[in-house]
Amino acid sequence: MRFSFFVFFILTITHLSLQANPVLYDDGKGLSNNQITEIIKDKTGIMWIATESGLNKYDGYTFTEINELKGYRINTIYFDSAKNALWIGCNKGLHYYNISTGLLEKNIYQTNTSEVIKIIAYNQSKYIVFMNGTIVRIGSNLLSKEVFSLLALGLQNATIKKSIAHDQKGNIIFTSNKFPFLISLQLATGKCVILKEYPSQNISSLTSAKDYYVILYNSGGYRVLPTSVKPTAAMLAIQKSQEATQHIKYHTIYIKDNEVYATQKGYHNLYYLVDGQWQTISAGANFQLSSKTMNTMYLDDFMVLWLGTNKGLIKVPYQTKYPFTSIFSSNVSPISIRQIVEAKNNDMFIATYKGIYQYNTLTHYTKNIVDSIFPFYTRAICLDTGNYLYAGTESTDQYFYRYNIKTKKYEGDFYKLSPLGAQINSVFSIYRDKHNTYWLATDKGLASYNPKDRLLKLHIAGKYSIGSIKLFYINASKNSNKFWVCGLNAVYLIDIDNGVSKEYKANVNSKTLIPADDYIFVAEDKNQIVWLGTKKSGLIKLDYIHNQSLVINKSKGLSSNEVYGLISENQSIAWVSTANGLCRYDIQNNTFTNYFIDNGLTDNEFNQNALYKHSSGQFYFGGINGINIINPCLFKPHNPALAIFTASIHKWNQSDEVFKEVKDSSVILMKPDDHLLTFTFGLSDYNEVETNTFFYRIKGLYNEWISLGNQNQLRLEGLSAGEYMVEIIGFNRAGMQASSALLYKVKLAQVYYKTWWFYVLLACTAILLIFAYFRWHLNNINQKQQLRTQIASNLHDEVGSLLTSIIMSTDSARYSSSNIDDKNLKLEKISALSRNATNTMSDVLWSIDARNDYAGNLTDRMREHAEMMLFPLNIDLVFDFTETQQQKIIKADKRQQLYLIFKEAINNIAKHSQATFVKIIYKQKGNHFELVIENDYKATPADLNTSSGQGLRNIKMRAQKINAECIILTQKEIFTIKITGK
């Protein structure tokens with residue numbers, strides 16, 4: 001059935017032919033090696049090229065070599081669609097390449113046998129053909145089993161030749177260097193059949209189709225070997241062509257479905273089989289084909305033929321010729337068409353820039369009805385019910401005239417002007433309503449001509465006034481009492497009796513129902529949908545009943561955003577003329593099929609107004625080179641599935657200054673150092689990759705499609721942190737959209753100093769700093785308060801008691817009746833008390849003076865006090881301050897307590913110990929301190945503990961205040977006080 005459809009397609013609808021400009025890709029264009037051994041495409045559309053020294057990946061733009069396979073002679077590759085992986089057979093065993101991850105597993109089948117020359121898939125197993133004559137089956141679990149060996153035929157050291165063919169039923173045919181006949185093997189059973197009618201020494205190569213083989217002989221001839229009872233149409237075509245081509249010696253034959261190709265021995269022409277006849281590519285391509293040995297061929301779904309040669313890869317594109325016919329076209333003197341109308345007796349009138357032509361569709365009689373008085377460059381024409389053809393031009397002097405069909409004369413003085421208020425310079429379109437009134441779209445607004453009173457009026461005021469706006473087109477409405485008119489940034493529905501019924505105006509600075517543009521075409525279909533052609537915005541679908549609109553542009557597959565006209569074939573199909581090709585628009589599916597010069601059009605550029613739906617059902621589209629005539633019933637577009645694929649993803653790391661490939665595209669994480677993200681992609685249609693177009697949008701940032709033109713790369717940089725969904729769509733030249741879009745989830749990590757947790761940390765730090773400041777401030781206040789309290793307490797306790805004693809002694813001496821000696825004793829006591837008060841006051845002031853907050857000041861004070869107290873008692877003093885950091889700061893409260901402890905101990909020694917020597921040690925290392933006071937004694941230890949009253953208890957109490965440890969030892973007549981802390 002597929003072949004029957006193909007033949008029908010060839011004979012009645014299209015003509016497929018190889019182009020005359022094959023393209024050669026060799027090592028100068030990025031291919032790693034020019035010896036091509038096999039070519040395939042995977043399910044995404046990426047091509048894989050096996051060579052004599054490695055494997056290449058090709059996306060239609062760039063060749064990429066698989067580094068792990070450099071230097072390997074690749075004999076065969078098989079694409080496993082279920083696993084999206086490649087099975088690779090080479091001179092170094094069997095390898096497995098995961099396309100999704102880019103990981104290669106080498107030598108997945110460990111063997112000492114020779115190189116792999118063929119991989120055959122059948123019944124969910126892979127059959128590996130080794131050159132040494134062994135065929136092994138590998139199941140899905142990678143367990144292997146030998147199926148066949150040439151040893152079974154009694155052949156020692158025999159090899160299987162690389163020319164192997166297999167069908168879809170699990171049969172293969174091959175030859176051996178030591179066996180005289182062709183061998184046929186059933187893979188599932190291992191049953192071997194010797195085909196003695198096919199001597200192997202005469203066979204040069206083998207190829208296969210779905211259910212038959214073609215055997216190519218050294219002589220250049222070929223023979224078809226059926227494997228089914230009923231031969232197919234393609235098989236019969238090959239057999240038929242064999243009879244007529246005995247003089248041609250073939251080198252390679254390739255079959256895919258119903259397509260058959262062959263290359264010639266010696267002078268390497270390329271042939272393809274059409275309707276049982278070999279057709280050759282035109283001579284212009286022989287430059288690429290000559291002097292090359294064809295190793296392999298591959299035909300992809302878009303009818304692009306790939307030739308693997310000994311000197312590189314050759315791409316032979318197909319071009320599809322559709323059944324377009326044309327008139328008024330010429331390669332020497334083209335005629336630009338402006339408008340087409342149908343008259344009586346199969347006549348048509350065609351306005352051009354070379355005058356008005358009269359053309360008969362039956363006889364093809366053509367006449368140019370020129371008149372030297374009237375302008376050649378007629379822009380619009382309109383036929384009345386009688387004998388007149390009205391015309392409008394872009395001439396200021398003669399912008400409106402008519403042609404009398406009976407008299408064959410032009411008339412320019414048939415109308416009279418009402419006060420126009422402005423000078424009309426151009427008439428772009430003419431429409432005749434049911435009352436036989438002619439409406440003119442002019443550069444100054446809407447005008448009308450009434451044949452009854454012969455009055456031409458420009459409607460600059462009144463109910464038909466739409467202002468002095470440039471109008472381009474007028475067309476009928478579904479309501480016969482109304483018509484549409486469009487122009488600069490505006491579309492109007494005019495009621496013949498009541499004037500302007502609806503108006504749609506575009507505003508550049510605000511969102512409106514229609515975009516701001518030149519509206520150069522308008523048409524209403526049977527569903528009351530208005531189609532608008534624009535200069536820059538594409539095709540606008542306006543539903544004026546529900547007040548909705550839809551913009552259809554290149555991002556939907558339209559070949560150009562400059563739309564000149566539309567003709568509806570039916571409710572689901574319309575034809576659209578543009579500035580770049582003719583488009584067949586499937587309204588229901590919102591898809592396009594675009595046609596160009598190489599499909600049979602006279603030119604890619606069409607003209608405004610130049611379209612007409614003939615009563616015969618044919619469509620007429622005029623352009624800058626004549627008229628293209630279409631019979632829409634003959635067009636059945638062949639649209640294979642178009643896929644868009646990711647070739648690679650890279651990100652630029654600023655820190656490492658290197659591009660890093662992204663293997664996992666499910667979620668792409670961009671770190672702060674990743675400054676650039678590059679997507680490379682392509683379409684499975686390699687026919688003309690330079691005409692493939694791409695669009696992208698970033699959901700979450702903007703939803704409008706942005707055109708990349710024919711660039712197959714998207715570079716993103718400068719995006720703020722967050723999550724984005726990047727979507728990419730693609731179209732081939734024919735306007736076919738890829739069946740699915742590429743979707744990438746991109747997460748841009750925020751730099752740490754802009755993250756929420758960093759702000760929280762900053763806020764917490766600020767709060768802690770403020771808290772610490774106020775805590776410090778409060779501590780200072782408390783310390784000052786404590787210091788004041790302490791000073792008051794010290795002054796009250798120490799100095800106050802002394803002053804009280806002085807007062808009491810003074811009063812006693814003053815009022816005493818004692819003799820002079822008693823008074824002198826009392827005065828001496830007062831003097832001693834005064835000195836003690838002075839010393840006590842000095843100690844208090846010294847302890848609170850910040851200038852004394854150093855360990856050196858403390859030791860100096862200790863030395864001074866000890867010498868003052870003990871030297872008069874003839875007590876030897878030993879000071880050991882060698883392990884003291886003199887500049888170490890000591891807090892005032894700690895320094896005060898240490899000094900008071902020292903002072904208490906020295907006073908006790910002086911008063912009660914009867915000591916002969918005292919040793920004082922003070923150590924200050926870092927935050928740790930140690931104070932040791934040792935002395936000998938003559939009093940008993942009990943006397944020492946009690947003689948000073950509160951002395952030792954005060955020492956322990958003061959040590960506790962500064963969290964220090966107090967140790968008091970009595971040993972061998974040595975009394976020791978040891979204070980340690982930090």
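Attention in this report is confined to the structure presented alongside it. (Residues numbered from 1 in each chain as written. Predicted model: local features only at pLDDT ≥ 70, side-chain atom pairs only at ≥ 80, totals over all residues. Heavy atoms only, no water.)

**Structural notes on the overall build of the chain**
1) Next: Check the secondary structure of the chain and you find 9 helices and 72 strands.
2) Next: The buried share of the chain, taken over its 982 residues, is 50%.
3) Next: Here the analysis covers contacts within the chain between residues at least 6 apart in sequence; of these, 51% occur between residues at least 24 apart.
4) Next: As displayed, the chain has an accessible area near 46700 Å², and 50% of this comes from carbon and sulfur atoms. (Helix = DSSP H or I, 4+ residues; strand = E, 2+ residues; numbered from the N terminus. Buried < 20%, exposed > 50% of the residue type's maximum accessible area, 1.4 Å probe, protein only. Contact = heavy atoms within 4.5 Å. Areas by Shrake-Rupley, 256 points an atom, 1.4 Å probe, with all protein chains shown as cover.)

**Some words on the nonpolar core**
1) Next: Ranked by internal contacts, the top residues of the largest apolar core, which has 49 residues, are Trp-48 and Trp-306.
2) Next: Those residues in contact with Trp-48, other than ones at most four positions away along the chain, are Glu-38, Ile-39, Ile-40, Asp-42, Leu-55, Asn-56, Lys-57, Ile-66, Ile-77, Leu-86, Tyr-97 and Ile-99.
3) Next: Cys-486, Ile-520, Tyr-564 and Tyr-595 belong to the second-largest nonpolar core, a separate cluster that totals 48 residues. (Core = buried A, V, L, I, M, F, W, Y, C linked by side-chain atoms within 4.5 Å.)

**Considering the pattern of salt bridges**
1) Next: Across all of its chains, the model carries 18 salt bridges by this definition.
2) Next: For Lys-535, the salt bridge identified is with Glu-562, shortest N-O distance 3.0 Å. Within this pair, whereas Lys-535 is found in the loop between strand 49 (530-534) and strand 50 (539-543), its partner Glu-562 is found in the loop between strand 51 (548-552) and strand 52 (563-568), the two being separated by 27 residues in sequence.
3) Next: Note on Lys-535: relative accessible area 37%, which makes it partly exposed.
4) Next: The network of salt bridges with common partners includes Asp-598, Glu-688 and Arg-733. (Salt bridge = Lys/Arg side-chain N within 4 Å of Asp/Glu carboxyl O.)

**Comments concerning the sheet that holds strand 63 (residues 693-699)**
1) Next: Spatially, the 5 strands line up as an open sheet ordered 61-67-66-63-64, and their pairing is mixed. The sheet is open, and its two edges are formed by strand 61 (667-670) and strand 64 (702-709), each paired on a single side. Pairwise comparison of adjacent strand axes, ignoring direction, gives a mean angle of 25° for this sheet.
2) Next: Where strand 61 meets strand 67 (residues 742-748), 4 bridges bridge the pair, whose relative direction is parallel. Across the sheet, the residue bridging to Ile-668 is Val-746, located in strand 67. (Pairing = 2+ DSSP bridges. Axes fitted to C-alpha atoms, helices over the stretch in contact; angles between N-to-C directions.)

**Structural notes on the environment of Asp-384**
1) Next: By the element assignment, Asp-384 lies in the loop between strand 35 (378-383) and strand 36 (388-393).
2) Next: Remark: the alpha-carbon pair of Asp-384 and Ala-343, spanning 41 residues in sequence, is separated by 9.4 Å.
3) Next: Other than its neighbours up to four places away in sequence, Asp-384 contacts Tyr-390, Arg-432 and Tyr-438.
4) Next: There is a polar contact of 3.3 Å between the side chain of Asp-384 and the backbone nitrogen of Asn-387.
5) Next: Within the structure, the side chain of Asp-384 is placed 3.0 Å from the backbone nitrogen of Tyr-388, a separation counted as a polar contact. (Polar contact = N/O pair within 3.5 Å; in protein donor to acceptor, adjacent residues only side chain to side chain.)

**Points about the sheet that holds strand 20 (residues 212-217)**
1) Next: Across the sheet, which stays open at both edges, the 3 strands sit in the order 19-20-21 with antiparallel pairing between neighbours. Each of the sheet's edge strands pairs with one partner strand only, and the pair in question is strand 19 (203-208) and strand 21 (222-226). With direction set aside, neighbouring strand axes in the sheet form an average angle of 20°.
2) Next: Summarising the sheet, strand 20 and strand 21 pair through 5 bridges and their orientation is antiparallel. Opposite Leu-216, over in strand 21, you have Tyr-222 as the bridge partner.

**A short note on the side chain of Ser-163**
1) Next: Its location among the elements puts Ser-163 in the loop between strand 14 (144-149) and strand 15 (165-166).
2) Next: Non-local contacts of Ser-163, meaning those with residues more than four positions away in its chain, are made with Phe-174, Ser-204, Ser-205 and Leu-206.

**Re the pairing of strand 44 (residues 471-476)**
1) Next: As defined by bridge partners, strand 44 adjoins strand 45 (residues 482-487) across 5 bridges and the pair is classed as antiparallel. If you follow Ile-474 over to strand 45, its bridge partner there is Val-485.
2) Next: Hairpin remark: strand 44 followed by strand 45, antiparallel, with 5 residues in the connecting loop.

**Let's talk about the pairing of strand 67**
1) Next: Burial of the side chains of strand 67 is restricted to one face: Leu-742, Tyr-744, Val-746 and Leu-748 are buried, whereas none of Leu-743, Lys-745 and Lys-747 on the reverse face is.
2) Next: Relative to strand 67, strand 66 (residues 722-731) runs antiparallel, the two being bridged by 7 bridges. Residue pairing in the sheet places Met-725 in a bridge with Lys-745 of strand 67.

**So, unusual backbone geometry**
1) Next: Positive phi values are uncommon outside glycine, yet Asn-590 reaches one of about 55°.
2) Next: You can see Asn-590 is positioned in the loop between strand 54 (582-586) and strand 55 (591-595).
3) Next: Residue Asn-590 is classed as partly exposed on the basis of its relative accessible area of 22%.
4) Next: Even without being a glycine, Asn-963 presents a positive backbone phi close to 55°.
5) Next: Mapped onto the fold, Asn-963 is located in the loop between helix 9 (951-961) and strand 71 (965-971).
6) Next: Residue Asn-963 is classed as exposed on the basis of its relative accessible area of 69%.

**Looking at the packing of helix 6 (residues 855-870) against helix 7 (residues 892-913)**
1) Next: Following both chains from N to C, one finds helix 6 and helix 7 inclined at 15°, their axes separated by 10 Å at the closest point. As summarised for this structure, helix 6 and helix 7 are arranged roughly parallel, according to the angle between their axes. For the pair helix 6 and helix 7, the sense of crossing is right-handed. Each of Leu-858, Arg-861, Met-862, His-865, Ala-866, Met-869 and Leu-870 in helix 6 lies in contact with helix 7, whose residues at this interface are Arg-895, Leu-898, Tyr-899, Phe-902, Lys-903, Ile-906, Asn-907, Ile-909 and Ala-910. (Parallel < 35°, antiparallel > 145°, perpendicular 65-115°, else oblique. Left-handed = near helix turned anticlockwise from the far one by under 90°.)

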